[in-house]
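Reading the structure
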Amino acid sequence: MANETCLQLKKALYDARHMLVAPSILSADFGKMAEAVANVKRWGADIVHCDVMDGVYVPNITFGMPMVRDLRKYTDLPLDVHLMITRPEKFVKRFAEAGADIVTFHPEACESKASANDALDIIHECGKLAGVVINADMPTELALPYLDRADIVLIMTVQAGFGGQSFKAECLEKAKYYDDIRRERKLNYLIEVDGGVCGGNAAQVKAAGVDIAVAGSAVFKATDPAAEVKAIGI
Ligand code: DX5
Ligand code: ZN
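Source: prediction; values computed, not measured.

Quick look at the site of ligand 1
The environment of ligand 1 is made up of 20 residues, and the closest members are Asp51, Gly161, Asp194, Gly216 and Ser217. Taking His82, its side chain carries an N or O atom lying 3.2 Å from an oxygen atom of ligand 1. In isolation ligand 1 offers 370 Å² of accessible surface; the protein chains occlude 100% of this area. Taken together, the residues of the shell around ligand 1 break down into 8 nonpolar, 10 polar and 2 charged.

Here it is, written out as structure tokens:
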């Protein structure tokens, strides 16, 4: 079970009055990451989303634990680490220890359902929030076996692997499905959506019951990033 520190973070996220905005630094200049995380706070966003890709689970490579460890020195915002890697159960502890506040992973990339459950437990033992991700091509029911343990269900509205893709509105049905379940079963996991989110579709995202919206290109490529953060965080 989650410890006191992460329960406090979960409560703060849960009690937020607006949809929380988590800019993805995947769309930032990789030579200026410290500046990027400082900007995320200056623009009024709530969380820093860090996309970790291994070139195997997805056909792209980004960064690993050292980046998370070093970014930790430059921001006091929660670091939300989205692992798009094979066998995430082998690495979740090291990302948690590197300074992630939230660690999410794709459960089908684990060796088995048991190891996905183990990964959630390991993240909790490190005092961090844990979540499972449903990729755009994965079935809606993918997260069901983990709802008793997960703090977050992250729903992809693009196929994981690259920033700047167009938003798949049909994936929001998955968010509505998990919003209904948490109400029916009186559960308190957070619902996060990732991919192609912008000010133009934020109302639709929020209406699906979403608590946290990840936005990469919409924020980092905006002429006025602070205005874009405000437009998403409704
Ligand atoms: C995709 C990543 C997303 C993505 C978001 O694999 O998980 O976080 O970078 O970027 P945009 O908002 O540009 O789709
Ligand atoms: Zn992501």
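Back to the text.
Quick word on the packing of aromatic side chains
Using the criterion set out here, one finds 4 aromatic pairs in the structure. Seen in terms of ring centroids, Trp43 and Phe220 are 5.3 Å apart; in terms of plane orientation they differ by 70 degrees. Their pairing is edge-to-face. In this pair, Trp43 sits in the loop between α2 (33-42) and β2 (48-53) while Phe220 sits in helix α8 (residues 217-220), placing the two residues 177 residues apart along the sequence. Comparing Trp43 with Phe220, the two get one shared label, buried. Joined through ring pairs, the aromatic side chains of Tyr177, Tyr178 and Tyr189 make up one cluster.

Describing the sheet that holds strand β5 (residues 129-134)
Within the open sheet, the 8 strands sit side by side as β1-β8-β7-β6-β5-β4-β3-β2. Their pairing is parallel. Each edge of the open sheet carries a strand with a single partner, namely β1 (20-23) and β2. Between one strand axis and the next, the sheet turns by 25 degrees as a mean value, whatever way the strands run. Pairing analysis gives 6 bridges linking β2 to strand β3 (residues 79-84), with the strands arranged parallel.

Rules used in this analysis
Residues numbered from 1 in each chain as written. Chains lettered and ligands numbered in written order. Predicted model: local features only at pLDDT ≥ 70, side-chain atom pairs only at ≥ 80, totals over all residues. Heavy atoms only, no water. Near = heavy atom within 4 Å. Polar contact = N/O pair within 3.5 Å; in protein donor to acceptor, adjacent residues only side chain to side chain. Areas by Shrake-Rupley, 256 points an atom, 1.4 Å probe, with all protein chains shown as cover. Nonpolar A, V, L, I, M, F, W, Y, C, P; charged D, E, K, R; others polar. Phe/Tyr/Trp six-rings, centres within 6.5 Å; stacked < 30°, edge-to-face > 60°. Helix = DSSP H or I, 4+ residues; strand = E, 2+ residues; numbered from the N terminus. Buried < 20%, exposed > 50% of the residue type's maximum accessible area, 1.4 Å probe, protein only. Pairing = 2+ DSSP bridges. Axes fitted to C-alpha atoms, helices over the stretch in contact; angles between N-to-C directions.

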